[in-house]
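Structural overview
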Amino acid sequence: MQVIIVGGGIAGLSAALSLHQIGVDCRIYESVARLEPVGHGINLQPNAVRELTALGLGEELARAGILTAELAFYNRHGQLIWTEPRGKAAGYNWPQISISRGKLQEILLAAIHARLGPRALVTGHQLASLQQRGDKVLARFIDPAGRPAGEAEGDLLIGADGIHSAVRKHFYPGEAAVFDGYLHYRGIVEGDPYLTGRSMVVVGHRTHRAIIYPIAVLPAGKVMINWLAYTKIPGGAPPLEACDTVADKTLAVDRYQGWSYPWLDVQGLIARTERVLQLPNVDRDPIPRWSFSRVTLIGDAAHPMQPVGAQAGSQAIVDGRVLAASLLANADAVDALVRYQDQRIAAMNDMIIRNRNLGLETVLQIAEERAPDGFDHITDVLSQHELENTAASFKKAAGFDLETVNSRQSYVELQRPAP
């Protein structure tokens, strides 16, 4: 079996490693001319770390990132709303890892080169069209200048080409990205450890909040801190194609005036960041189908979701593992793609909606609405039951509750040659 993977991001690279693990040949086609580690921070939940560990990458990822110990929510006055342990501190058999997205991509890419060989990744190839002919899929490509770049034929094609997926567009040609009216700024900056030194914090409320976590240990006791700041901008936002463009940092700093707390100076982090990026907060509506005979979607191409709840990257990795397991268990490849879809689609479509409604961060908005001027004690605002139920419900829906992750069998139990 030969599989064409369109897209060389986290979804595509991790899926290729999973297919290789079960003996399926594949080749990745990436649109950029040179694949370089890019991006800021990403949280890998224990369910994803478990799968990356099964691919032999767990220890390397742990060394490169931070083993997150807690997740804490604060109102805009800096008062603690809710905190919970994360990863091994919460009893998982695998950690939660906060890491540079570029470093994660670098580790995955090195594994691709070592295991699949230098020819497994083809750059400078943007999908122009696809065609299913009998038991084959034909993909045609163009180069970055728009010139024909050849074609490839395979038994299956996996669309792992992100929120603006060309594969998804082939099946949903009239679909548009959904912009929610919010802009987010982001950056990384060196700083001192705060709270536990391995804490992820979310501060604010629906219309004005910040997510902050360390992603690497630096010399002299410093850490590299990743931050994202969400705010509603009157008069609209940059166009959808203005993703990760350089922002006017003074606008971001001014929006977070006074966000300085004894445990962390949020405004100071933003002010000290040399390069601040901006992008409109977009996702896409859930779709009823991912698999179309010999073509399927994974990752952001299948379920692009707002970056709330630290789910997109982790779920993309799980997608590839479930897909590989389905191919391993089903002799008919077309049936395998349908079974993969049916196992994942309902939960991921639910996650898109949950993230639009703030997911775990719902407690921030409730606290803001009930106590906009702050509180003496959080249980005067939210009951312990509300806090615990919100956290448990989200983790269960996302498939990374403690019982599910620790007790289930691995998606891919063993290696064997593909049929």
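Summary of the structure given here. Keep in mind the model is a prediction, meaning the values are calculated, not measured.

On to the packing of helix H1 (residues 10-21) against helix H8 (residues 312-329), then. Any two packed helices are characterised by the angle at which their axes cross and by the distance between the axes. Look at H1 against H8: their axes get within 8 Å of each other, and the N-to-C directions meet at 30°. Comparing the axis directions of H1 and H8 gives the class roughly parallel. As for how H1 packs across H8, the hand of that crossing is right-handed. Side by side, H1 and H8 meet where Ile10, Ala11, Ser14, Ala15, Ser18, Leu19 and Gln21 of the first sit next to Gly313, Ala316, Ile317, Gly320, Arg321, Ala324 and Leu327 of the second. Residue composition of the contact of H1 with H8, by class: eight nonpolar, five polar and one charged.

Here we take up the packing of H8 against helix H9 (residues 333-356). The N-to-C vectors of H8 and H9 enclose an angle of 145°; their axes lie 8 Å apart at closest approach. Regarding H8 and H9, the two cross each other, and that crossing is right-handed. Counting all contacts with H8, which are made through Gln315, Val318, Asp319, Val322, Leu323, Ser326 and Leu327, the residues of H9 involved are Ala333, Ala336, Leu337, Arg339, Tyr340, Gln343, Arg344 and Met348. Its residues assigned to classes, the contact of H8 with H9 shows nine nonpolar, three polar and three charged.

In this section: the pairing of strand E9 (residues 126-133). Pairing analysis gives seven bridges linking E9 to strand E10 (residues 136-142), with the strands arranged antiparallel. Across the sheet, residue Arg133 finds its bridge partner in E10, namely Lys136.

Taken as a whole and assessed by the stated rule, the structure comprises seven aromatic pairs. When the ring of Tyr74 is compared with that of Trp263, the centres are 4.0 Å apart and the planes differ by 25°; the resulting orientation is stacked. In this pair, Tyr74 sits in strand E5 (residues 70-74) while Trp263 sits in the loop between strand E18 (260-261) and strand E19 (264-265), placing the two residues 189 residues apart along the sequence. One aromatic cluster is present, formed by Tyr74, Tyr261 and Trp263 through successive ring pairs. A cation sits over an aromatic face here: Arg209 above Tyr230, 4.5 Å from the ring centre. Across from the ring centre of Tyr411, 3.9 Å away, lies the NZ or CZ of Arg408, which sits over that ring.

Time to look at unusual backbone geometry. Positive phi, close to 60°, is recorded for Ala220, a residue that is not glycine. Topologically, Ala220 is positioned in the loop between strand E15 (208-217) and strand E16 (223-232). One non-glycine residue, Ser293, adopts positive backbone phi at about 55°. For Ser293, the location among the structural elements is in the loop between strand E20 (277-283) and strand E21 (295-297). On the basis of relative accessibility, which here comes to 36%, the residue Ser293 falls in the partly exposed class.

With twelve residues, H1 should cover 16 Å at 1.5 Å per step; its first-to-last C-alpha distance of 17 Å lies within 8% of that length. Across the twelve residues that make up H1, a large majority, eleven, are buried. Listed as buried for H1 are Ile10, Ala11, Gly12, Leu13, Ser14, Ala15, Ala16, Leu17, Ser18, Leu19 and Gln21. A positive backbone phi angle near 85° is found at Gly23, which sits one or two residues after H1.

With that out of the way, let us pick up the nonpolar core. Ranked by internal contacts, the top residues of the largest apolar core, which has 80 residues, are Ile5, Leu19, Leu44, Leu57, Ile99 and Leu157. Counting residues per element, this core draws most heavily on H8, which supplies nine residues. For Leu44, the contacting residues outside a window of four places in its chain are Val49, Leu52, Pro95, Gln96, Ile97, Ile99, Leu104, Ser314 and Ile317. By size, the runner-up hydrophobic cluster in this structure holds 49 residues, among which are Ile211, Tyr213, Ile215 and Trp227.

The next subject is the pattern of salt bridges. Opposite charge on two side chains permits them to pair, given that their charged atoms come into close proximity. This model, assessed by the stated rule, comprises 15 salt bridges. We note a salt bridge from Arg86 to Glu84, for which the minimum N-O separation is 2.9 Å. No difference in accessibility class separates Arg86 from Glu84, as the two residues are buried. With a closest N to O distance of 3.5 Å, Glu151 and Arg140 form a salt bridge. Taken together, the positions of Glu151 in strand E11 (residues 148-154) and Arg140 in strand E10 put the pair eleven residues apart, joining distant regions of the chain. One salt-bridge network, in which partners are shared between bridges, spans Glu51, Arg321 and Arg408.

Bringing the environment of Asp373 into the picture now. Looking at the element boundaries, Asp373 is found in the loop between helix H10 (362-370) and helix H11 (384-398). The class for Asp373 is exposed, based on a relative accessible area of 73%. As a C-alpha pair, Asp373 and Ile4 span 369 residues in sequence and 55 Å in three-dimensional space.

Let's shift gears to the environment of Ile352. By secondary structure assignment, the location of Ile352 is in helix H9. Note on Ile352: relative accessible area 0%, which makes it buried. A sequence separation of 69 residues divides Ile352 from Asp283, and the C-alpha atoms of the two residues are 8.1 Å apart.

Bringing the sheet that holds E16 into the picture now. Spatial ordering of the open sheet is given by E6-E5-E14-E15-E16-E13-E20-E17, a layout of eight strands whose pairing is mixed. Every other strand in the sheet has two partners, leaving strand E6 (80-85) and strand E17 (245-246) as the edge strands with one partner each. Here E5 pairs with strand E14 (residues 199-205) via five bridges, running parallel. In the sheet register, Ala72 faces E14, and the bridge partner there is Val201. Sitting on the sheet, H10 touches E5, E6, E14 and E15, and the angle it makes with E14 is about 40°.

The rules behind the values
- Residues numbered from 1 in each chain as written.
- Predicted model: local features only at pLDDT ≥ 70, side-chain atom pairs only at ≥ 80, totals over all residues.
- Heavy atoms only, no water.
- Axes fitted to C-alpha atoms, helices over the stretch in contact; angles between N-to-C directions.
- Helix = DSSP H or I, 4+ residues; strand = E, 2+ residues; numbered from the N terminus.
- Parallel < 35°, antiparallel > 145°, perpendicular 65-115°, else oblique.
- Left-handed = near helix turned anticlockwise from the far one by under 90°.
- Contact = heavy atoms within 4.5 Å.
- Nonpolar A, V, L, I, M, F, W, Y, C, P; charged D, E, K, R; others polar.
- Pairing = 2+ DSSP bridges.
- Phe/Tyr/Trp six-rings, centres within 6.5 Å; stacked < 30°, edge-to-face > 60°.
- Lys NZ or Arg CZ within 6 Å of the ring centre and 35° of its normal.
- Buried < 20%, exposed > 50% of the residue type's maximum accessible area, 1.4 Å probe, protein only.
- Expected span 1.5 Å × (residues − 1).
- Core = buried A, V, L, I, M, F, W, Y, C linked by side-chain atoms within 4.5 Å.
- Salt bridge = Lys/Arg side-chain N within 4 Å of Asp/Glu carboxyl O.

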